[in-house]
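Analysis of the macromolecular model
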Amino acid sequence: MTITDLHQKTVLLCSRLVQAESTSGREEKAAKVMMDAMREWGYDEIRVDALGNVIGVLKGNRPGHRVLLDGHIDTVPITDPSKWTQDPFGGKIVGDRLYGRGTSDMKGADAAMVCAAGYYAQQKKRNFPGEIYVAGVVHEELFEGVASRSVSQIVQPDYVIIGESTNLNLKIGQRGRAEVVVETTGKSAHSANPEKGINAVRQMMKLLAELDKLDPYEQPGLGKAILELTDIISSPYPGSSVMPERCIATFDRRLLVGDNPQSILLSIRQIIDRLREADPSFEAKTYLREEEKPCYTGGTIRSQRFFPAWRYDEAAPFVQAAYKALQTLGTKPEITCYSFCTNGSHYAGEAGIPTIGFGPSRENLAHTVDEYILLEQLHKASEGYCQLIDALLHLN
């Protein structure tokens, strides 16, 4: 098999994955496509866990490291197909691009990972140390890193490669994410007699004004720990001639390394305490949102919506090994951090497993109308994964 064959098989698999519509919780079609491809490449074992994650392994002929390539197989939904000029589930090639939902986020990387691992094992005739795992992970779009906990427990990897888009550059970290809820409580009354009640929305306005004064701290390479309001709703709603007795606001809190659930809520609780001291009628609380969703297997995924940040030093031996490996592609990869959250929140942020990010396409193509991936990026990604696998398997 030649490198051209690898390129062709990667593009074909990407197209097949795009044709397998797979929004979060409904990934079964994409899971089947991935398993079929693993069988075609001769993977030694293929399994599906209780959440629906697909995990395949290629074993070398002697003991060594376990290298895991992680890619999620769920996508965000199509909100308005009429805005697309290409079939979002056609997986069609037009010129130098392959179009469809998930091409960049991240079925292109999924295809490149499956094919690269299979190609590497064939070229080496299994003469390599350790084991290569490829995982197609579910529910990443809603629960970054939560389903990966199961993969991590099964595989117990020594190194992880996240396949989210990097434009073929090397990522060594990311900000995390939390959904912070702030709730104010008032006293309902007829809106014609506001003096007889306490307007929960007005109480929320006081709190929002103070939260806007918070100065987000930052860390090199990751940016600021922002707190951004994403939605707000009062109750009862609609409030026809009734003062709201409850108001709930949700914030997107971007996390930095070292943040934990207690620390990110502390500053908000301190503001609530100050407002309560100034006005004994002021009543509010804050907490992290929790959620659960069904999986296509019949299982359930649930989690507090707190997904940690992580960052490694550029000088770390595994980072330098990955950097040197990617230079063999004839490119000059930049070493930076993701601007968004990934499954690395578990592997690196929770489990402390050495983790890097490398994937085809640009970050800003994710979730867009007429999402596409350049064929050249797919080709280079499949080659890059081969180089990274070899480097990490042979790392001392």
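Scroll up to find the structure this text is about.
Source: prediction; values computed, not measured.

1. Quick word on the overall build of the chain
Per the secondary structure count, the chain includes nine helices and 21 strands. The C-alpha radius of gyration computed for the chain amounts to 24 Å, which stays within 12% of the reference 21 Å derived for 396 residues, consistent with globular compactness. On the principal axes, the C-alpha backbone points of the chain span a range of 80 × 45 × 35 Å. Across the 396 residues of the chain, 55% fall into the buried class. Across the chain, the fraction of contacts at a sequence separation of at least 24, relative to all contacts at a separation of at least 6, is 80%. Approximately 17100 Å² of the chain is accessible, and the part contributed by carbon and sulfur atoms is 48%. Between the averaged position of the 44 positive side-chain charges in the chain and that of its 51 negative side-chain charges there is a distance of 1 Å.

2. Remarks on the nonpolar core
Considering soluble globular proteins, one finds that nonpolar side chains tend to be buried as a cluster. Membership of the largest hydrophobic core comes to 94 residues, with the highest contact counts inside it found for Leu69, Val114, Ile132, Phe318, Tyr385 and Leu388. By residue number, the principal contributor to this core is helix α3 (residues 103-124), which donates twelve residues. When residues no more than four places from it in sequence are discounted, the contact partners of Phe318 are Tyr159, Tyr312, Pro354, Thr355, Ile356, Leu392 and Leu395. Core analysis: the next-biggest nonpolar cluster, separate from the first, contains 22 residues, Val180, Met204, Phe251 and Ile272 among them.

3. Examining the environment of Arg97
The topology assignment puts Arg97 in strand β5 (residues 97-99). Classification of Arg97 as partly exposed rests on a relative accessible area of 29%. A C-alpha to C-alpha distance of 38 Å links Arg97 and Gln304, two positions 207 residues apart in sequence. Arg97 has contacts with Lys92, Tyr372, Ile373, Leu374 and Leu375, leaving out every residue within four places of it along the chain.

Cut-offs applied
Residues numbered from 1 in each chain as written. Predicted model: local features only at pLDDT ≥ 70, side-chain atom pairs only at ≥ 80, totals over all residues. Heavy atoms only, no water. Helix = DSSP H or I, 4+ residues; strand = E, 2+ residues; numbered from the N terminus. Rg over C-alpha atoms; globule rule 2.2 N^0.38 Å. Buried < 20%, exposed > 50% of the residue type's maximum accessible area, 1.4 Å probe, protein only. Contact = heavy atoms within 4.5 Å. Areas by Shrake-Rupley, 256 points an atom, 1.4 Å probe, with all protein chains shown as cover. Lys, Arg positive; Asp, Glu negative; His and termini not counted. Charge placed at Lys NZ, Arg CZ, Asp CG, Glu CD. Core = buried A, V, L, I, M, F, W, Y, C linked by side-chain atoms within 4.5 Å.

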